[in-house]
Amino acid sequence: MAVDSEGRRFWRSLEEYLATPEFQEMLHREFHEQASEWTNPVTRRRFLTLMGASLALMGLNGCSTQPAPREKIMPYVRQPEEIVPGKKLYFATAMPLGGVVTGVLVESHEGRPTKIEGNPLHPASPPGLQHDAEVGSSDSFMQASILGLYDPDRSQGVTYRGQPRAWNEMLSALRGALDKLKNQGGEGLYFLTETVSSPTLAAQLKELLGEDLFPKAKWVQYEPANRSNVLEGAKLAFGDYVNTYYDFTKADVVLSLDADFLMAGPGTLRYTRDFSSRRRVRTRRAGDDNPPVNEIQMNRLYAVECGMSNTGGVADHRLALRPTQIEMFALALAAELEVPTNTRDAEAELPEEARRWLKPLAKDLTEHAEKSLILAGDHHPPSLHALVHALNHKLKNAGQTVKYTSPIEAKPVDHGQQISELVKDMAERRVKLLVVLGGNPVYTAPVDLHFAEQLRKVPLRVHLGLYQDETAALCDWHVPAAHYLESWSDGRAYDGTASIIQPLIAPLYSGRTVHELLAAFTESPERSGLEIVKEHWREWWKQQKRSGSFEEFWRQSLQEGLVAGTAFENRNLTPKADWAERVAKAEPAQNATKGMEIIFHPDPTLFDGRFANNGWLQELPKPVTKITWDNAAIVSPNTAKKLGIAYADNIRDASGRPGSSGGEHGEAIVDVIELTYRGRSIKAPIWIQPGHAEDAVTVHLGHGRSRGGQVAGGVGFNAYFLRTNAYPWFDQGAEARRVPGETHVLACTQMHHNMEERAPIRSSSLAHFRDHPYFADELTAGEAEKPEVLAQIPGPQPRGRAEAKLEEERKKDPDKNRLIPLTLYKDADKEFEEATKQLGEPGKKPSKGYQWAMAIDLTTCTGCSACVVACQSENNIPIVGKEEVTRGREMHWLRIDRYYGGEPFDPNQVSAHFQPVPCMHCEKAPCELVCPVGATVHSHDGLNDMIYNRCVGTRYCSNNCPYKVRRFNFLQFADFATSSLKLMNNPQVTVRSRGVMEKCTYCVQRIRAADIEAEREGRRIEDRHLMTACQAVCPAGAIIFGDLNNKESVVYQWKEEPTNYALLAGLNTMPRTTYLAALRNPNPELTSPQRKQGE
Amino acid sequence: MPQIFHRSFNTISKVTIFGAVFIVAGLCWFAAIFYRSSYVTESHLAFVQPVPFSHAHHVGQLGIDCRYCHTSVETSSFAGIPPTKTCMNCHQQIWTGSSMLEPVRESYRTGASIPWERVHNLPGFVYFDHSIHVAKGVGCASCHGRIDEMPLTYQENTLLMEWCLECHRNPENHLRPRSEIFNMSWRAENQMSLGQQLLQEYKVRTPHELTSCSTCHR
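Right, let's walk through the structure included here. (Residues numbered from 1 in each chain as written. Chains lettered and ligands numbered in written order. Predicted model: local features only at pLDDT ≥ 70, side-chain atom pairs only at ≥ 80, totals over all residues.)

### Concerning the sheet that holds strand β12 (residues 300–305) of chain A
Residue and element names in this part refer to chain A. The sheet built from four strands is open, its strands ordered β13-β12-β11-β14 with parallel pairing. In this open sheet, the two strands that pair with only one neighbour each are β13 (317–320) and β14 (372–376). Here the average twist between neighbouring strands, direction ignored, is 10°. In the sheet, β12 pairs with β13 via four bridges, with the strands oriented parallel. Note on β13: the bridge partner recorded for V304 is L319. Together, β11 (253–257) and β14 form the strand contacts of helix α12 (residues 382–394), whose direction differs from that of β14 by roughly 175°. (Pairing = 2+ DSSP bridges. Helix = DSSP H or I, 4+ residues; strand = E, 2+ residues; numbered from the N terminus. Axes fitted to C-alpha atoms, helices over the stretch in contact; angles between N-to-C directions. Contact = placed C-beta atoms within 7 Å.)

Right under this line is the structure:
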C-alpha cells in the first residue's frame, strides 16, 4: 500500500485498507465479475426464435453493400452571414443557478448548441490556468445543462389539469381571474419565485406590484438551497444585507468552517482558480521567476467540517466536527484571537483534537493578518456568519481577502420565513391566485408546512416549469418554461456583474420565459422576452448616460457575455459595535434533544433535485463517495459500528458473503437504516464514509422524485421528507436504527478500474519536498531498471534530476549490459526507422511534427468532476444506467480515482486525493499489440488511436491495459432513437454502436481541427489554440495538454518539474500522460501526534 | 457388383477438385470487382435531382468559378451547397419563366430548402476536410473529375479508402499549384518534378503522417 512522506497510507475503500480476500480477487480481473454476463432473462423459446432469425438473416447481413446510406443535402434558402456550414460558432450567455449566474460560451453547429464552455471574460468563469485561453472554466452543472436542454422529458405544452391547452386559452383564463383581482388592488395575487438576481425580472415584479397594477399582490421567494443565512449573518454584523466574496489570490492562510468553496456556491470557479494559483508549485527554470525548490511557498487550508467534502479532502489540515460543534469551535477561536463574544468557555465543549487546533491555528492566522481568510458554509446559522465577519475584521482581512458589496439578490429575504408566511396565507384562504415562477415547491418546501395540502386551497394555481413535476401536478395551469439556452433574460454573478442571457436556439417545446409569462399580467401580454429584456437595459443605459449608441452597447454586452462595469463597488464595512449582543438575540434556542445530528445537503451532482432527470449528472460518481444513481445516509465508520453495522458485516457481495463495499461489481449491498427525526422517519441505505464526524448523519437532497421524469424516477430517497422549516440545514435529535434483514444495492464506482498496489498516487508535505524534490521517482519496478525506465518516460527529464544521479544508479545496476532488453517490445525508434524505410524515407525522426502529451497536477485537482462531464459532452459518451454501473460497465472515458489517506477510524486523520485517469497514450501501448484487427494503433503524433469501424469487440485490448481506461459498449448504450438527443451530439465525433471498444482520444477531433487551421495559416499550434475538453473546463488549471516538441509549451515545462511521475512507470509503457505528485502544506506545529508515531 | 459411378465421374471429380481452386479464386475476383463496381460505390451514377442542375453549363460554358457557389471550400470542412438565394441572384433576371426552375423559385418563396440528392457520400466515421486539401494543392478535379463536363453531377471516383490512401501515400502524384486549384483543365507538364517541388513548398506531410488512422477517423 502506498504511503506519503508523512507515512500515511493511501486506500480507496475500507476493504482495501483491511485487505479482505474478496478485494484481492477483484484486483486481478479485467472487468468485473458480471461485466460480460448476459443477465437479462431469456426463455428457451425466445432463444430459439432469436437464433433461428439470426441464422436466416446471417446471409443478408453481408448485403449492406453501400457503406453510407443515401442522404439529402438541405441548404439554406438565405444563408445567415455568420454561418459557415461545417464551422462551429461560439455565443456568450450565462447560466443561472440558485439566482446567481455564471458566464458561459456555447458551441453552436449550424444553430444547434452542442457544448458548454466557460466565458473567459466573465469573472465567475475564468480560465483555470492560461489567461489567454479562448474558453473559461466551468462546473459539472454547466456542462450537463446542455443535456437538460434536449431532455425529451421536458414539458412540451401548456396544460390545464393535465389536458393540453393553447397558450391563448391560458391567457384568457388568467385575464378573467385578474380582472376580478384588479378591483381589490390585486389582493390574493401571489408570485412565488426562486432567488431573483435578474434586474429585468425584479423590475417587472416591481411594476406589477406598483400602484397602477396590483399594489396588494405579494412576491414570495423560496429556494430550497437558499443563502438566507449568509445574508442574515451579514445583517447581524453590519446592520444591513451585504454580499460577501473572497479574493483567494491574496490569502496565505484559509480557514474554512464547513464551506465547500471548491465545489459549490456562487463564485466557486473563481475561488478554485484563485486558490489553486497559490498552490501550483513550479520550480525555477532558466529565465523565469519561479523560486528554487527550497524557497517554494504554498497557501495553507484548514478545513473544519462535518461530512467529507472536496474542500476538506484536499485541505492541509482537516478537523471533523458536527455542525453544532463548528460554531463552538469558531467561538473558541474568537476567544483565542481576542474577539469579544458573549459566549464563555466554548472551548470546554470541544473535543480534544479541536482544542489542540486552537492555539497553532490562531497563531498562524494572526501571523498572516491581512493575508488570511475565514469563511463559513452557507448552511451555518447567521450567528456564525456574523462571528466570521468579526474575525475577518479582527484579522484585518476585510477589504483584502474579503470583499463586501451590496447584495446581488434583487430583494434579499429570509426564504424560510417567506415560505411559511405563504403557506399560512394559503391555509387561511387569502391566496386567490398563486403563480409559481420556476422551482418545485411541492417537492422542496419544508415538510412541516404541508405545502401540497395547503396549495389545494388556492382557487387558481399557475405553474411555470421545465418539467411536468410534482408542483405542476397540483397546479391548474402549467406552462412549459424555456430553458436558459432558449431564453432572453439576465442575472448577476457572485460579484454583482450583470450578464444578459441570450438564446442559442428557438424554444424546442414552445417554452416561455418568466418574463413572457409575467408580461401576461400587464397591459401588453404578447411582449417577447427580447423586447422586455432589451427595454429594461435601454432604460438602464439611458440612466447611465454612457457614450455611444445603445445598439452598440447592447451588441457588445451580448458578445462579451457581461455588461461592462456592472460589478458592484466594494464597500468598506466594519461590524457594528453591538453585533455580539444582536447575535444573542437572534440566535434561536438550540434544540435541546440529544441524539445524532442530521445534516441536509444539496446533492453534489443533482443540487436541490432540479438536475434529477439529467442522466449525465445521475451517472457522474459523487466526487467523494463515488456513488452513482442514488443517495445514502452517510455516517462515519465508528458511528456505523454503534448502530450495529460493522463494515465487514454491513457489506456483502452478490452471494451474500460479507466482504467488499462497492467492490466487486460496483454493486454495494448495504444495510438500510431507519432515520427518525421529529416524528417522521424514512428508510435509507447507509454509506460508511471515512472522515465523517462522529454521531452525525448526512443526507443529500434532490433524490426520490415522484414526478421527475424517466431518468429521475425511482432513484434514491427523498430527504426533503425530514427537512423542517425551523432547522433546514442541520439539527440534533435524529435517531437511526438498523432495519434488520433489509438491504439496498448501491452502484458505486470507487473500486472500479483498480490498478493494484503500484503507488498510483504520490504525495508529500511541502517541507519534505524541499529536502527531497524527487520523492515521486519511486518505482515499483526493480531498482536496477529504474534509471532506464525513468529515462524512457516521454518528455524532458525532470530538471535537476542530475544525469550524474542516474549514472550513479546505473553503476549500481548489476546487469547494465544485459543482452535481453528491458522489454520484449520492439524499440520504438528502431520500429519507426523501419516503418519509414518502407515508405522510402528512412530514419526521418518525428521531431518536426507535434508530439502530444498531457500532465495532471494532483496538488491542485479538487476532484470536482467537471472534466468527467465535459468529456462526456464533447465525445458523445452515453450513459448506461444504474444496473449497468453495478456491473462495471460505465462508459466515462475519464474517471477520477479518489484515494483516502490516513486512518479510517479517526475522522480527523482522513484526507482525500483525487486523480483523474484518462488514457495514458503509452508509446509502448500494451493494448495495441494484442488487437487482432489493428483497430488500435499509434498515430504519427503520439496518439493511441482507436478506430471504431475496425473494432470487432474482442476486448483483448482492455484486458491488456494496466490503467483500465478502455470502455466497451456491452449493449447499445448510445441513443439512436430519441430525436432531440441526436441534436446534442458533437458532429465531429462518431457515435459508437454496440460491440465497439472506445477510450480517451486526447480529443483528437480538436487536435485535427486545430492542426488543419494552423496548417492553412502556415503557423504552429500554440498552447492557446488547442485544449482538450477536460483541460478547458478545469477551474483549478490542473490539466495541461500540449506539444512535447515545443519547449515553450506548458506541458513541456510541467514535465520538467521534479514532482513529475508516470503512473505504473515500472511497466515501461512510456505513458504520454504523467502526473505531478500532490503536495500539501501542513503546519508543522499542528502535525498530529498519531501521524508522528506513524513516521 | 455393378459400379456405382459411371466412368465419366472420374473426369468430373478431377475437374471439380482441380476447378475448385479456380472457382474460389473466381469468387474472390468477383467480390473484389463487385466491391469496386459502381453498383456499390455509386460512382458514375447521376441521380435525379429536384432541379437538373448542369455543371457543364454553369462551369464549362458560362465559366462561373467553383467558389461562387461552394463558398466555404477554402475555410471549412464542408465546401457548402449554395443557398437558394445564390441561384436567385441570377435567376431573378434570366430564365425567370422556366418550369425547370420552379423548385428553386418555390424554395425562395416558401423558405423551404431544395432537397438535393447527395452525390458524394462518405460513411459517418470518415471526417473529410475540403479546406486543408485545397490549401495543400489538391485541385477540385483531382477528386471530382471534370465537373465542367458533367451535365448532371456524378461521382467520378470510388471514394473507397484505398482510393484515398493512394493519394495520401503518394501525394506528389496529385499536387498542383494553388493558383490552378479551381482550373478544371489544368495538366502538369512534368507531374513528378512539380509534385516533389510542391511537396516541399506546401509543407505537405509525410505519408507516415498522412496515413495515421486518426487523420480521417475519430
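### Concerning the environment of A:S557
All names here are of chain A. Of note, S557 is situated in helix α19 (residues 550–560). Separated by 439 residues in the primary sequence, S557 and V996 place their C-alpha atoms 45 Å from one another. Excluding its chain neighbours within four sequence positions, the residues that come into contact with S557 are I500, L562 and V563.

### Focus on the interface of chain A and chain B
Many structure descriptions define interface size as the accessible area lost when the parts assemble. Taken together, the contact pairs 42 residues of chain A with 41 residues of chain B. Looking at the side of chain A that touches chain B, the elements that each hand over two or more residues are β2 (72–73), α27 (828–838) and α33 (1004–1017) of chain A. Counting residues per element, the side of chain A that touches chain B draws most heavily on α33(A), at six residues. The residue makeup of the side of chain A that touches chain B, split by class, is 18 nonpolar, 13 polar and eleven charged. Examined bridge by bridge, β2(A) and strand β1 (residues 116–117) of chain B share two bridges and lie antiparallel to one another. Bridge pairing links A:I73 to B:W116 in β1(B). (Nonpolar A, V, L, I, M, F, W, Y, C, P; charged D, E, K, R; others polar.)

### What about the nonpolar core?
Residues and elements named next belong to chain A. Core analysis: the biggest nonpolar cluster contains 298 residues, and L257, A633, I686 and V697 have the highest contact counts within it. In terms of residues, this core owes the most to one element, helix α10 (residues 323–336), which gives eight residues. If we ignore the near neighbours within four places in the chain, the residues touching A633 are I673, L675, A684, P685, I686, W687, V697 and V699. (Core = buried A, V, L, I, M, F, W, Y, C linked by C-beta atoms within 7 Å. Buried ≥ 20, exposed ≤ 12 C-beta atoms within 10 Å, placed from the backbone.)

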